There are 2 protein chains.
Amino acid sequence: MPRTTRQRTAVADLLDGVPDFHSAQDLHRMLHDRGERVALATVYRTLQVLTDLGEVDSVRGPDGELRYRRCEAEAHHHHLVCRSCGTTVELDAAAVEAWAGGIARAHGFTDVEHTVELFGLCARCGSRSADAR
Amino acid sequence: MPRTTRQRTAVADLLDGVPDFHSAQDLHRMLHDRGERVALATVYRTLQVLTDLGEVDSVRGPDGELRYRRCEAEAHHHHLVCRSCGTTVELDAAAVEAWAGGIARAHGFTDVEHTVELFGLCARCGSRSADAR
DNA sequence: TAGTTCATGAGAACTATTCTCATTACGGAG
DNA sequence: CTCCGTAATGAGAATAGTTCTCATGAACTA
Ligand SMILES: [Mn+2]
Ligand SMILES: [Mn+2]
Ligand SMILES: [Zn+2]
Ligand SMILES: [Zn+2]
């Protein structure tokens, strides 16, 4: 159903080459810097399509804006993100899945979804800020 | 340092009487319906003050807007929220805390924060939607 | 290759939130 | 109790992310 266009290819290719989460506006800027002319609205639309297809993950940053990333894992997973440099680790959270399911059941809830995201300073950024002191 | 004003009292009292998460705009509307004249900007400012004081919790909904609630628990905790009626359960997530700490350490991350929120259908809403079928 | 339909671009529109700044009113000092 | 300094408020403008509108362009299909 989705049609293959120059713009969609450009967005998909960009995401393939970028390891961290980025906002739609960031990605639009990166495309522009690469000389790719894609309208901002098209970037938004494409990200939505890719998200619906499950090809990209989206996470809301603390400021509330959505950030997108092409993840390795196909299946459901969570993230550990460096809030300084953006380095991202994909997490398999079996322990948390079990906990969430049990808690929901215990309270009579059904059809449960969850959000679990970890933010911190990666080893490199952590040591750098320690140096700065 | 924070000054006690009619407006702040109104917002705080409202939160005391409302059990679920609500957006700033919702709360503003509720105040208006109660005959309390408080400017929207003041509702926002007051919620920020109360949040900073740790007297209210804020969580970002799926649509990205912040929702506020006065919680029972003083300490750090998470929530299980009915996405139909808003009923909220406060969760003590010791198991998840341990998991998050261990994962972060294992990846060399420091200064880690996390978001963990569960959304589903409460017992009542779940059975109602089953009936509808 | 021609026609149908989906996708795009440009900018307007929307929404949540924050900011500006003139005015009001806590709350401590006297 | 009254006066003052200063924090808080109100009204609307300003911001910022995201979505929508609609005329135009480009994929696919027969
Ligand atoms: Mn999970
Ligand atoms: Mn926790
Ligand atoms: Zn880092
Ligand atoms: Zn419910």
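For clarity, every value in this text was computed on a predicted model and none was experimentally measured.

> Sorry if this is basic, but what is going on with the packing of helix α1 (residues 6–17) of chain B against helix α3 (residues 40–52) of chain B here?
Relative placement of two packed helices is described by the angle separating their axes and the distance separating the axes. Residues and elements named next belong to chain B. Interaxial distance between α1 and α3 falls to 10 Å at its minimum, and their mutual angle equals 70 degrees. In terms of axis orientation, α1 runs roughly perpendicular to α3. The handedness of the crossing between α1 and α3 is right-handed. Of the residues in α3, those touching α1 at Gln7, Arg8, Val11 and Leu15 are Thr42, Thr46, Leu47, Val49 and Leu50. Broken down by class, the residue content of the contact of α1 with α3 amounts to 5 nonpolar, 3 polar and 1 charged.

> Would you mind going over the interface of chain A and chain B with me for this structure?
Frequently, the measure chosen for interface size is the accessible area that the parts lose on association. In this assembly, 37 residues from chain A lie in contact with 37 residues from chain B. Applying the counting criterion to the chain A and chain B interface returns 2 salt bridges. Note that aspartate 111 of chain B is salt-bridged to arginine 83 of chain A, the shortest N-O span being 3.3 Å. Taken together, the connections running from chain A to chain B amount to 12 residue pairs in polar contact (both at pLDDT 80 or more). Secondary-structure elements contributing two or more residues to the side of chain A that touches chain B are β4 (78–82), β5 (88–91), α4 (94–106), β6 (110–121) and α5 (123–131) of chain A.

> Would you explain the coordination of the zinc ion (ligand 4) in this entry?
Any two of four tetrahedral donors ideally make an angle of 109.5 degrees at the metal, while pairs among six octahedral donors ideally make 90 or 180 degrees. All names here are of chain B. Here the zinc ion (ligand 4) is held by Cys82 (SG), Cys85 (SG), Cys122 (SG) and Cys125 (SG), and the distances to it run 2.2 to 2.4 Å. Seen from the zinc ion (ligand 4), its 4 donor atoms lie at angles of 103 to 115 degrees, and the figure they make is tetrahedral. Donor residues binding the zinc ion (ligand 4) come from one chain and are separated in sequence as C-x2-C-x36-C-x2-C. Residue cysteine 122 shares its accessibility class with cysteine 125, and that shared class is buried.

> Is there a simple way to think about the nonpolar core in this case?
Note on soluble globular proteins: their nonpolar side chains tend to be buried together. The biggest cluster of nonpolar side chains holds 32 residues, and the ones touching the most others in it are Trp99 of chain A together with Trp99 of chain B. Of all elements in the fold, only β4, β5, α4 and β6 of chain A together with β4 (78–82), β5 (88–91), α4 (94–106) and β6 (110–121) of chain B reach the threshold of two or more residues within this core.

> Just to check I follow, could you spell out the coordination of the manganese ion (ligand 2) for this structure?
Residues and elements named next belong to chain B. Coordination of the manganese ion (ligand 2) by the protein comes from His76 (NE2), His78 (NE2), Glu97 (OE) and His114 (NE2), over a distance range of 1.9 to 2.0 Å. Each donor residue of the manganese ion (ligand 2) belongs to the same chain, and together they define the spacing H-x1-H-x18-E-x16-H. Taken as a pair, histidine 78 in strand β4 and glutamate 97 in helix α4 lie far apart in primary sequence, 19 residues in all. Relative accessible area serves as the criterion here: at 2%, histidine 78 is assigned to the buried category. Owing to a relative accessible area of 26%, glutamate 97 belongs among the partly exposed residues under this scheme.

About the criteria used
Residues numbered from 1 in each chain as written. Chains lettered and ligands numbered in written order. Predicted model: local features only at pLDDT ≥ 70, side-chain atom pairs only at ≥ 80, totals over all residues. Heavy atoms only, no water. Axes fitted to C-alpha atoms, helices over the stretch in contact; angles between N-to-C directions. Helix = DSSP H or I, 4+ residues; strand = E, 2+ residues; numbered from the N terminus. Parallel < 35°, antiparallel > 145°, perpendicular 65-115°, else oblique. Left-handed = near helix turned anticlockwise from the far one by under 90°. Contact = heavy atoms within 4.5 Å. Nonpolar A, V, L, I, M, F, W, Y, C, P; charged D, E, K, R; others polar. Salt bridge = Lys/Arg side-chain N within 4 Å of Asp/Glu carboxyl O. Polar contact = N/O pair within 3.5 Å; in protein donor to acceptor, adjacent residues only side chain to side chain. Donors = N, O, S within 2.8 Å, 3.2 Å for Na, K, Ca; no water. Tetrahedral: all angles 85-135°; square planar, octahedral: opposite > 155°, others 65-115°. Buried < 20%, exposed > 50% of the residue type's maximum accessible area, 1.4 Å probe, protein only. Core = buried A, V, L, I, M, F, W, Y, C linked by side-chain atoms within 4.5 Å.

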